[in-house]
Amino acid sequence: MTARIGKTRDVVCRWWFLRRSRSCESGCASRGLCIAVALFLAIHCALARADSSDERFLDGLRQRQLFSLAEKFCRDRLARDELPEDRRALFAIELSRTLVEEALQSPPEKRDELWKQSLATVDDFARRYPQSPRLVQIRVQRALVQLAWGELLAQELDTGGARDARLTAARDHLRQAIEELEKGIEKIAELQRRLQPSRKPAPGELSTSELRSLERNSQYQLARALRRQGESYPLESADRANSLTQAGELLRVLAQGDVEDPLTWPSRLDATTCYRLLGHLEAATRRLDQLDEESPPPRAQLRARAERMRVALAEKHVSEALALVEKGRVVEDFISADLDLATLEVYLAAWRAAVDAGEKSQASAWQEKAAAVVRDIERDHGPYWRRRGESLFAEQIAANPGTTDVGVLAKAAEGFYRAGQPDEALAAFDRAVREAHTAGQDAKAFELGYAAAAIEQERKNYAAAAERFRQAALAAPDDPQAAASHLMAIYDLGLLARSGAAEPLAHYTKLLEEHLETWPKAETVDRAHLWLARVRERDRQWQQAAEQYAAVRPAMDESPEAAAGLARAYRELLAELRAAGKPTAAAASAALAALQTASGLKQTAPDAWNAEQLAALLAIAGIWLEYTEDGAAKAERALEVALSQSQAASDEWKASAHALLAYSLAAQGRVEDAERQLDEVAGAGPAALETLVAGLDRLGATAQPGLKRNLAALELRALARIKAGSAEINDEQRAALTLARTRALVAAGRGDEAAAELRQLAAQHPRDGHIQEALATALWEAKDPGALAAWQNIEVKSRSGGERWMRAKLHEALIYDQRGQRERAAQTINVVKTLYPEMGGAEMKQRFLDVLKRNE
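Residues numbered from 1 in each chain as written. Predicted model: local features only at pLDDT ≥ 70, side-chain atom pairs only at ≥ 80, totals over all residues. Heavy atoms only, no water.

### Some points on the overall build of the chain
So, point 1. For the chain, the count of helices and strands is 41 helices and zero strands.
So, point 2. By residue count, 53% of the 856 residues in the chain fall in the buried class.
So, point 3. At a minimum sequence separation of 6, the contacts of the chain that also span at least 24 residues come to 62%. (Helix = DSSP H or I, 4+ residues; strand = E, 2+ residues; numbered from the N terminus. Buried < 20%, exposed > 50% of the residue type's maximum accessible area, 1.4 Å probe, protein only. Contact = heavy atoms within 4.5 Å.)

### Let's talk about helix H10 (residues 208–231)
So, point 1. Along its 24 residues, H10 runs 35 Å from first to last C-alpha, staying within 8% of the 34 Å computed at 1.5 Å per residue.
So, point 2. For H10, a buried count of 18 out of 24 residues is recorded, marking the element as mostly surrounded by other parts of the structure. (Expected span 1.5 Å × (residues − 1).)

### Observations regarding the pattern of salt bridges
So, point 1. What the rule picks out here adds up to 61 salt bridges.
So, point 2. Among the salt bridges present, the one from Glu190 reaches Lys187, with a minimum N-O distance of 3.7 Å. Of this pair, Glu190 and Lys187 both sit in helix H9 (residues 163–194), three residues apart, roughly one helical turn.
So, point 3. The exposure class assigned to Glu190 is partly exposed, which follows from its relative accessible area of 25%.
So, point 4. Note that Arg459 is salt-bridged to Glu456, the shortest N-O span being 3.2 Å. (Salt bridge = Lys/Arg side-chain N within 4 Å of Asp/Glu carboxyl O.)

### Re unusual backbone geometry
So, point 1. Phi angles above zero are rare outside glycine, and Gln65 is one such case at about 60°.
So, point 2. Along the chain, Gln65 falls in the loop between helix H4 (53–63) and helix H5 (67–78).
So, point 3. Backbone geometry places Asp333, a non-glycine residue, at a positive phi of 70°.

### A word on the packing of helix H19 (residues 406–418) against helix H21 (residues 442–458)
So, point 1. Between H19 and H21, the least distance of the axes is 12 Å, while the angle of their chain directions is 15°. By the criterion of interaxial angle, the relationship of H19 to H21 is roughly parallel. Relative to H21, the crossing made by H19 is left-handed. Contacts from Val406, Ala410 and Tyr417 of H19 reach H21 at Lys444, Leu448, Ile455 and Glu458.
So, point 2. Its residues assigned to classes, the contact of H19 with H21 shows five nonpolar, no polar and two charged. (Axes fitted to C-alpha atoms, helices over the stretch in contact; angles between N-to-C directions. Parallel < 35°, antiparallel > 145°, perpendicular 65-115°, else oblique. Left-handed = near helix turned anticlockwise from the far one by under 90°. Nonpolar A, V, L, I, M, F, W, Y, C, P; charged D, E, K, R; others polar.)

### Quick look at the environment of Gly389
So, point 1. Turning to its location among the elements, Gly389 is positioned in helix H18 (residues 383–398).
So, point 2. Owing to a relative accessible area of 0%, Gly389 belongs among the buried residues under this scheme.
So, point 3. Along the chain, Gly389 and Ala370 lie 19 residues apart, while their C-alpha atoms are 9.6 Å from each other.
So, point 4. With residues up to four places along the chain from it excluded, the contact list for Gly389 reads Leu341, Leu344, Val374 and Ile377.

### Observations concerning the side chain of Asp270
So, point 1. Note on placement: Asp270 falls in helix H12 (residues 264–277).
So, point 2. Setting aside residues no more than four positions away along its own chain, Asp270 makes contact with Tyr220, Arg224, Arg227, Leu251 and Arg303.

### Re the packing of aromatic side chains
So, point 1. Taken as a whole and assessed by the stated rule, the structure comprises nine aromatic pairs.
So, point 2. On the numbers, 5.4 Å between centres and 10° between planes, the contact of Trp115 with Trp149 is stacked. Of this pair, Trp115 sits in helix H7 (residues 108–128) while Trp149 sits in helix H8 (residues 135–157), and the two are 34 residues apart along the sequence.
So, point 3. On the basis of relative accessibility, which here comes to 1%, the residue Trp115 falls in the buried class.
So, point 4. For Trp149, a relative accessible area of 10% puts it in the buried group.
So, point 5. Ring-pair connections join several aromatic residues into one group, and the members of that group are Phe57, Phe73 and Phe91.
So, point 6. Over the face of the ring belonging to Trp265 we find Arg268, whose NZ or CZ atom lies 4.8 Å from the ring centre. (Phe/Tyr/Trp six-rings, centres within 6.5 Å; stacked < 30°, edge-to-face > 60°. Lys NZ or Arg CZ within 6 Å of the ring centre and 35° of its normal.)

### Examining the packing of helix H23 (residues 482–497) against helix H25 (residues 525–538)
Helix packing geometry: the angle between the two helix axes and the distance between the axes.
So, point 1. Running from N to C, H23 and H25 point in directions that differ by 25°, and their axes come no closer than 11 Å. When the axis of H23 is compared with that of H25, the two are roughly parallel. In this structure, H23 crosses over H25, and the sense of that crossing is left-handed. Contacts between H23 and H25 pair Leu487, Ile490 and Tyr491 from the former with Arg527, Ala528 and Trp531 from the latter.
So, point 2. By residue class, the composition of the contact of H23 with H25 is five nonpolar, no polar and one charged.

### What to know about the nonpolar core
So, point 1. Counting 105 residues, the largest nonpolar core has Leu639 and Trp653 as its most contacted members.
So, point 2. In terms of residue count, helix H29 (residues 611–627) provides more of this core than any other element does, eleven residues in total.
So, point 3. Each residue touching Trp653, except ones within four places of it in the same chain, is listed here: Leu614, Ala615, Leu617, Leu618, Ala642 and Leu643.
So, point 4. By size, the runner-up hydrophobic cluster in this structure holds 75 residues, among which are Phe73, Leu95, Leu152 and Leu181. (Core = buried A, V, L, I, M, F, W, Y, C linked by side-chain atoms within 4.5 Å.)

### Remarks on helix H16 (residues 337–356)
So, point 1. Over its 20 residues, H16 runs 29 Å from end to end, which matches the ideal 28 Å to within 8%, given 1.5 Å per residue.
So, point 2. If you check the start of H16, you find a side-chain oxygen 3.2 Å away from the backbone N of Asp338, and it comes from Ser336.
So, point 3. Downstream of H16 by a residue or two, Gly358 has a phi angle that is positive, lying close to 75°. (Polar contact = N/O pair within 3.5 Å; in protein donor to acceptor, adjacent residues only side chain to side chain.)

Structure, rendered in structure tokens:
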């Protein structure tokens, strides 16, 4: 059932948080960020000529987002001792790249470890090969990891979240990227100066053309890092202007390259973006016009259109931006995640304008268009772009208190969650739940409430999660998943209750009772009965525990544990009744009926015994033997049948069955037959023999003298076998078994031996009443002079009028009677008669009166 709970939780959580992975039709799942790793292509150019098949294979795996396979491929290659140094550098970079791209596509909680692994990969190469001619590539790669990390954090600032913490972290990574790129560019220039044009590069060295390409790519990435750093500073600040200006200067130089150069168009577009970010909107527009005249390739056209939309929005020309949207999202079968995101920005701007103008119908229409774009981004692009779109949508929609559309609010909540903003997600889910209830959409409200509870559970806020799961269930009790939600609340409270605190445990118990009352026919009730039974058993409420265990339906996942618990609860209940001197017949009858029902055992034995039925039979036989008058014969017949039909049963079960069979035979006076059964458990562990010892001990207490001696001899044989496996016995069990042995010795007429062992045991356990009483009994049976003092010591330490006190007074009188001190014997009994006229019950009273009669 635990697995079922987890499955139920996962099913509902996946309804909201399923992370689908789909690649962008343009060939890159996160185009904007993958530009940050475009330098990989230039870095690899010097290496790819040696063998490009590995690189093509890895590119294919990454495009399909099969990151684990790409990582394994790289690590396998790096593990080869014979791998040449230049190829080792290649696979170190490829592995680092794989981890970067996986981090870009991963949810926030999984990224940090991937970033760290990516850095560790290149750092390990640099440490092991400090003189490698490829070291400059490794260092530039390290800068790219910092750039991608910082850029991701900075871009997420656009859509809210823990802004201060992310802003600090983003700036730190961008600053490190800038510093490392600047050092890399300096190193590349130094290598170019050293390399004479007429000299052919040595194996592993980069050629002049390769160094130039690497330098150009490094400069482009430095410009991107500066641009993103500038965006992280406040508007109108000097730091912002300085970083953006530096980026623009670098980009303008790079933008002058040949149009066939893969960096020319990105540089021209990035330079235009710098104009916009600096507030030079007219210059940005002129530059975009120039780009249009130069017939850019499809991808550049799409990005230029996105940039025009953003310029129009910056100029507050929403209608102009909407006209650009009408041109469509496809150019020559290419689409762009950046253009789709810009389209979302345009629709959200139109939505805000309609809201400000009080045009509700238009606001609703723009809101739906924006939601449709989010769905397009989710369908066509990778997880990174999905999170950006959802988070941007969530930030705008959630900020408007007038939003009442349940689907839109749910989408906003999901966006916040995927962006790593759980508090905002919970607030949006709560709004969505309220609106769903207002609209009469109770099923939807339940799903939303369950999703919010799952977030709290994921954050280990178990009390809050429990309350949310419970409220969702009670608000829609007829929902097919309501009972599962309520059980999840109980599960979370159970996690809190494990601390032992009273309040969570009381609440946990209350919810279990509420669950059983509200969903009495749900699939979950068996688990609830089982959990409530455990609570009752913990509180030693044996009858209530048994009732709950018995309520678990047969053949359910919980039934094996319930059957074992049922036997345990009734065993404890009956022992407690016996110890208190209360009738046990009714409880024994109820226990037998419940065990037979729970296990499927009726009047006849089954043709094939299962493990539950075999275990139940042991419990049933034990109750027959200990609490019914004709139980010994019943136990014998049932155990013999089960043993004959269950050859495949475990050795432990067989040993226990033989031990109980020996017990049943001894109870019928067939000691020799019992001894033969004892031989059958010769190889059994102590647990099976302990059952037999306990039974023989109880039988011997009330047996006639002749049978008592035989039972004692059988018990001593069983105890001798337990002693052989004493390594499996703990101290508490050892003390109990030693006590049983001494009683058996007394019954066997070996009181001196018993007294010697008990003196040692009593010294070790001076406050154990059972041991002290056993010592006194052994001394009495051995006619030891110390018996009187032993019983007087017990009298002093026992509750006046209690059972042990009564036995002590009786033995004091018996010892006086044995010694011929008739007056002292009578006086002792008369004191008991005066103080407690009932004298401990009918049986004990008669024994007192018999002694008194002899001594009057």
